Amino acid sequence: MAVLKVKFTKTRRDKLAQILWVLNWVSVVSGIVLFSLGLFLKIEIKKRNEVMAKGDINSVPNMLISVGVIACIINFLGGKICYDCSDANKFSRWKLVMLPYIVCTFCFTFCILVGALMCYTMRNELEESLYLGLRNAIKYYKDTDIPGRCFLKKTVDLLQIGFQCCGNNGFRDWFEIQWVSPRYLNMASKEVLDRLKSNVDGKFLVDGVPFSCCNPSSPRPCIQYQLTNNSAHYNYDFLTEELNIWVKGCREALLDYYTSIMRSIGITALLIWWFELSVLIGVRYLQTAIKNVLLLGDLEGESDGWLLENSFVQTAKYNINIIKNLGKANQISTVSGMNDPNIDVQSTNCGKTNVTTKSIPTA
């Protein structure tokens, strides 16, 4: 029994073809939207590529870009098909193409759903990439004279100012690394030498942060050094007083930024998927309705359209049997009593029972 069978008159078939023609052109626009969203996300990731570790974070924008391009091509073809289907006589040219087109469109629509879900599942990969990338960027912050790293100081400073953050997880990350270049350390100073000797790795560590961590909205001058020393500053308690530097870590700030972008893109992709699925259902109804009216031979009469010709269970069993029988046509059975029907074909004499053969005369 057909699934969701609907009766179509000639007028309803023509209107459905016209509506689907318009909707396919709208779908071309939706493909451009998907392409634009993927390109936008790729550019945003590229902007902070210096503070991200290499990984699979580009899989989502690449997926959206690919799906967007395919959407434009498939829906452009679908618009042409639906336009010709308004005339049953023109449908004959697309008769063999319609079913493969519907199957390919279904797979493509599934890819849109996968792309939308990937926007919500890549948070962990993005967080790990940001953690490793920011850790390396902060580690090489002082290397302003080394080629390949000299840009990292400016990158980190602009990042902390723009996103109002400090460090990787927080401002204390700067306490654990030497972020002041040795070029600017006075080796004749006893304080500097004592700090270098007091560290096992010979690093110059201070309880201070770069200037880019300062909050310009703070009512008091920025305190960059001796952040944990209450006696070094007047009327200051680092445990109770709100610090005049950014408290949020840059990893959290960037993660929130990209999460909001991907959430918006994911919602848009889901809406486009739902729209594409609706168009696909309409094309399936149009294909079955016109196919049935051609079988009936009355182009002006009524015809049935459906999603599936048989029930879901029967359709599943039929497809499973096709998959199981793939490749069996060229196999020869070795089981006793079973013969290959392609080999043991009985010969026929076209109805003649007694056929005499002429002998070759001997010399």
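Residues numbered from 1 in each chain as written. Predicted model: local features only at pLDDT ≥ 70, side-chain atom pairs only at ≥ 80, totals over all residues. Heavy atoms only, no water.

You'll find the protein entered in an unreviewed UniProt entry as RDS2 protein, with Thinocorus orbignyianus given as the organism. Quoted straight from UniProt, the Sequence similarities (unreviewed entry) entry for the protein says "Belongs to the PRPH2/ROM1 family." Annotation of the protein in UniProt includes, under Subcellular location (unreviewed entry), the sentence "Membrane". (UniProt positions renumbered as here; feature names shortened; annotations may be inferred.)

Helix packing for two helices is described by the angle between their axes and how far apart those axes are. At a closest axis distance of 10 Å, the pairing of helix 2 (residues 59-84) and helix 3 (residues 95-121) adopts a crossing angle of 150°. By the angle class used here, helix 2 and helix 3 are roughly antiparallel. Relative to helix 3, the crossing made by helix 2 is left-handed. Mapping the contact onto sequence places Ser59, Val60, Met63, Leu64, Val67, Ile70, Ala71, Ile74, Leu77, Gly78 and Ile81 in helix 2 and Met98, Tyr101, Thr105, Phe108, Cys111, Ile112, Val114, Gly115, Met118 and Cys119 in helix 3. The class makeup of the residues in the contact of helix 2 with helix 3 is 17 nonpolar, 4 polar and no charged. (Axes fitted to C-alpha atoms, helices over the stretch in contact; angles between N-to-C directions. Helix = DSSP H or I, 4+ residues; strand = E, 2+ residues; numbered from the N terminus. Parallel < 35°, antiparallel > 145°, perpendicular 65-115°, else oblique. Left-handed = near helix turned anticlockwise from the far one by under 90°. Contact = heavy atoms within 4.5 Å. Nonpolar A, V, L, I, M, F, W, Y, C, P; charged D, E, K, R; others polar.)

Before going further, it helps to spend a moment on the packing of helix 3 against helix 7 (residues 250-296). At a minimum axis separation of 8 Å, helix 3 and helix 7 run at an interaxial angle of 165°. When the axis of helix 3 is compared with that of helix 7, the two are roughly antiparallel. The crossing of helix 3 and helix 7 is left-handed. Across the contact of helix 3 with helix 7, the residue classes tally to 21 nonpolar, 4 polar and 3 charged.

Right, let's talk about helix 3 for a bit. Here helix 3 contains 27 residues, and its C-alpha end-to-end distance of 40 Å stays within 8% of the 39 Å for a straight helix at 1.5 Å per residue. Turning to helix 3, its buried residues are Met98, Tyr101, Ile102, Thr105, Phe108, Thr109, Ile112, Leu113, Gly115, Ala116 and Cys119. (Expected span 1.5 Å × (residues − 1). Buried < 20%, exposed > 50% of the residue type's maximum accessible area, 1.4 Å probe, protein only.)

With phi around 50°, Gln226 is a residue other than glycine that occupies positive phi space. Residue placement: Gln226 occurs in the loop between helix 6 (190-198) and helix 7. Residue classification places Gln226 among the partly exposed residues on the basis of a relative accessible area of 33%. Here the phi dihedral of Asn235 falls at roughly 55°; this positive angle occurs in a residue that is not glycine. Mapped onto the elements of the fold, Asn235 is located in the loop between helix 6 and helix 7. Classification of Asn235 by relative accessible area gives exposed; the value is 63%.

This part covers the pattern of salt bridges. Counted by the stated rule, this structure contains 10 salt bridges. Glu44 is the partner of Arg48 in a salt bridge, and the nearest nitrogen-oxygen pair spans 3.1 Å. This pair shows no difference in class: Arg48 is buried, exactly as Glu44 is. Asp145 is paired through a salt bridge with Arg183; the nearest N and O atoms lie 2.9 Å apart. Taken as a pair, Asp145 in the loop between helix 4 (123-139) and helix 5 (152-162) and Arg183 in the loop between helix 5 and helix 6 lie far apart in primary sequence, 38 residues in all. Classification of Asp145 as partly exposed rests on a relative accessible area of 46%. Classification of Arg183 as exposed rests on a relative accessible area of 56%. Here the salt bridges do not stand alone but share partners, grouping Glu44, Lys47 and Arg48 into one network. (Salt bridge = Lys/Arg side-chain N within 4 Å of Asp/Glu carboxyl O.)

Counting residues in each nonpolar core, the largest one holds 77 residues, and the members touching the most others are Leu126, Trp174 and Val209. When residues of this core are traced back to their parent elements, those giving at least two are helix 1 (10-47), helix 2, helix 3, helix 4, helix 5, helix 6 and helix 7. Here this core takes 18 residues from helix 7, the largest share from any one element. Shared between two domains, this core holds at least three residues of each, these being domain 1 (2-137 + 252-319) and domain 2 (171-247). Sequence-distant contacts of Leu126, defined by excluding residues within four places in its chain, comprise Met52, Ile57, Leu255, Tyr258 and Met262. (Core = buried A, V, L, I, M, F, W, Y, C linked by side-chain atoms within 4.5 Å. Domains from an automatic or database assignment.)

Turning our eyes to something else, we now look at the UniProt feature "transmembrane region" (unreviewed entry) in the protein. When the UniProt feature table is mapped onto this chain numbering, "transmembrane region" (unreviewed entry) sits at residues 20-40, 60-78, 98-120 and 265-286. In this annotation, residues 20-40 is assigned 100% helix and 0% strand; the end-to-end C-alpha distance for the span is 30 Å. In residues 98-120, the share of helix is 100% and the share of strand is 0%. The end C-alpha atoms are 34 Å apart.

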